[in-house]
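# Observations on the three-dimensional arrangement
Residue-level listing of the chains:
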Amino acid sequence: MEESELFQQGFANRKEVLGEAHVDKSWASADDFNRPIQRLVTEFCWGRVWGDETLPFKTRSMLNIAMLTAMSQHHELAVHVRGALNNGVSKAEIQAVLLQTAVYCGAPAALAAFRITSAAIDEWEKENIARP
């Protein structure tokens, strides 16, 4: 199946934010059952929504951190914290977003998000220090 221009843009955006290795692994591990949702997310979420230049990637990353914290989506939060760092969001900015979630989402959600985020930042820093 030939992929649409929107899919190609989404695939490129997804790689820019989440990293080529993560995206290639997700796409390679897709099977006949879950490939349609991978295609939909790549085309619509990453192509159409992230492809809208009204908000920069950095802003979108901070919004995602807040929304994923509010929904207690820990796996996706870890992925998007790494993406936020790739998009130039500083650790101080991530911390400020998470502190604000404590007020609007509740302390338990924010505490869990801080734990997940700390581990994601540590992992991201180790990988990026190791790069030449």
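Sequence order as written defines the numbering, with residues in each chain counted from 1. Whole-chain, interface and lining totals are the exception, using all residues; otherwise, since this is a predicted model, local features are given only for residues with pLDDT of at least 70 and side-chain atom pairs are given and counted only at 80 or more. No hydrogens and no water enter the side-chain calculation; it runs on all heavy atoms of the structure.

In this section: the state of the cysteines. By definition, disulfides here are pairs of cysteine sulfur atoms that lie within 2.5 Å. Counting across every chain of the model gives zero disulfides. With no disulfide of its own, cysteine 105 has cysteine 45 as its nearest cysteine by sulfur position, at a separation of 19 Å.

In this description, a line fitted to the C-alpha atoms serves as the axis of each element, helices being fitted only across the stretch in contact, and the angle between N-to-C directions of two axes falls anywhere from 0 to 180 degrees. For the purposes of this entry, the term helix denotes a DSSP run of H or I that reaches at least four residues, the term strand denotes a run of E that reaches at least two, and both are numbered from the N terminus. Closest axis-to-axis distance for the helix α4 (residues 57-70)/helix α6 (residues 91-105) pair is 9 Å, and the angle between their directions is 35 degrees. Where α4 crosses over α6, the two elements pack in a sense that is right-handed. Contact residues: Lys58, Met62, Ile65, Ala66, Thr69 and Ala70 in α4; Glu93, Ile94, Val97, Leu98, Thr101 and Cys105 in α6. Residue polarity is assigned by list, with Asp, Glu, Lys and Arg as charged and Ala, Val, Leu, Ile, Met, Phe, Trp, Tyr, Cys and Pro as nonpolar; anything else, Gly included, falls into the polar class. Broken down by class, the residue content of the contact of α4 with α6 amounts to eight nonpolar, two polar and two charged. Each crossing is labelled by how the near helix is turned from the far one, with a counterclockwise turn of less than a right angle marking it left-handed and a clockwise turn marking it right-handed. By definition in these notes, contact holds between two residues if any of their heavy atoms fall within 4.5 Å.

Relative to the assigned elements, histidine 80 resides in helix α5 (residues 74-86). Think of a polar contact as two N or O atoms within 3.5 Å of one another; within protein, one of them needs to be a possible hydrogen donor and the other a possible acceptor, and neighboring residues in sequence only count if both atoms come from side chains. Among the polar contacts listed, one links the side chain of histidine 80 to the side chain of asparagine 64, at a separation of 3.2 Å. For histidine 80, the residues in contact, after removing those within four places along its chain, are Leu18, Trp46, Trp50, Asn64, Ile65 and Leu68.

Exposure above 30% relative accessible area and the absence of a salt bridge qualify a residue for a patch, where like charges join within 9 Å and nonpolar side chains (Val, Leu, Ile, Met, Phe, Trp, Tyr) within 5 Å. Method for areas: the Shrake-Rupley scheme with a 1.4 Å probe, in which residue coverage is limited to the protein chains shown. The rule for a salt bridge is simple: a side-chain nitrogen of Lys or Arg has to be within 4 Å of a carboxyl oxygen of Asp or Glu. Residues Ile37, Leu40, Phe44 and Val49 make up a contiguous nonpolar surface patch of roughly 370 Å² in combined accessible area. Among the structural elements, phenylalanine 44 can be located in helix α3 (residues 35-49). The exposure class of phenylalanine 44 is partly exposed, given its relative accessible area of 48%. To sort residues, take the accessible area from a 1.4 Å probe on protein chains only and compare it with the maximum for the residue type: under 20% means buried, over 50% means exposed, and anything in between is partly exposed.

Relative to the helices and strands, glutamate 93 is located in helix α6. Accessibility expressed as a relative area gives 26% for glutamate 93, which makes it partly exposed. Glutamate 93 sits 31 residues away from methionine 62 along the chain, and the two C-alpha atoms are 8.1 Å apart. If we skip the residues at most four places from it in the chain, glutamate 93 touches Lys58, Met62 and Gly88. Polar contacts involving the side chain of glutamate 93 include one to the main-chain amide nitrogen of serine 90, which spans 2.8 Å.

Our next topic: the side chain of serine 26. Its location among the elements puts serine 26 in helix α2 (residues 20-28). In this structure serine 26 touches Arg14 and Gln38, once residues within four positions along its chain are discounted.

A few words now on unusual backbone geometry. Even without glycine at this site, serine 72 takes up a positive phi of about 55 degrees. Here serine 72 shows up in the loop between α4 and α5. Overall, serine 72 belongs to the partly exposed group, its relative accessible area being 40%.

Domain boundaries shown here were taken from an automatic or database domain assignment. Taken domain by domain, the chain holds domain 1 (1-54) and domain 2 (55-131). Across the boundary between the two partners, domain 1 contributes 12 residues, which contact 12 residues of domain 2. Computed with a 1.4 Å rolling probe, the buried area is the accessible surface lost when two parts are put together, summed over both parts. Summing both partners gives a buried area of about 930 Å² for domain 1 against domain 2, and 59% of it is carried by carbon and sulfur. By the criterion of area lost to domain 2, the three top residues of domain 1 are Val17, Leu18 and Trp50, representing 55% of everything that side buries. Taken together, domain 1 and domain 2 are joined by zero salt bridges. Summed over the shared surface of domain 1 and domain 2, the number is four residue pairs in polar contact (both at pLDDT 80 or more). With four residues, the single largest contributor to the side of domain 1 that touches domain 2 is helix α1 (residues 5-18). In the side of domain 1 that touches domain 2, the residues fall into five nonpolar, four polar and three charged.

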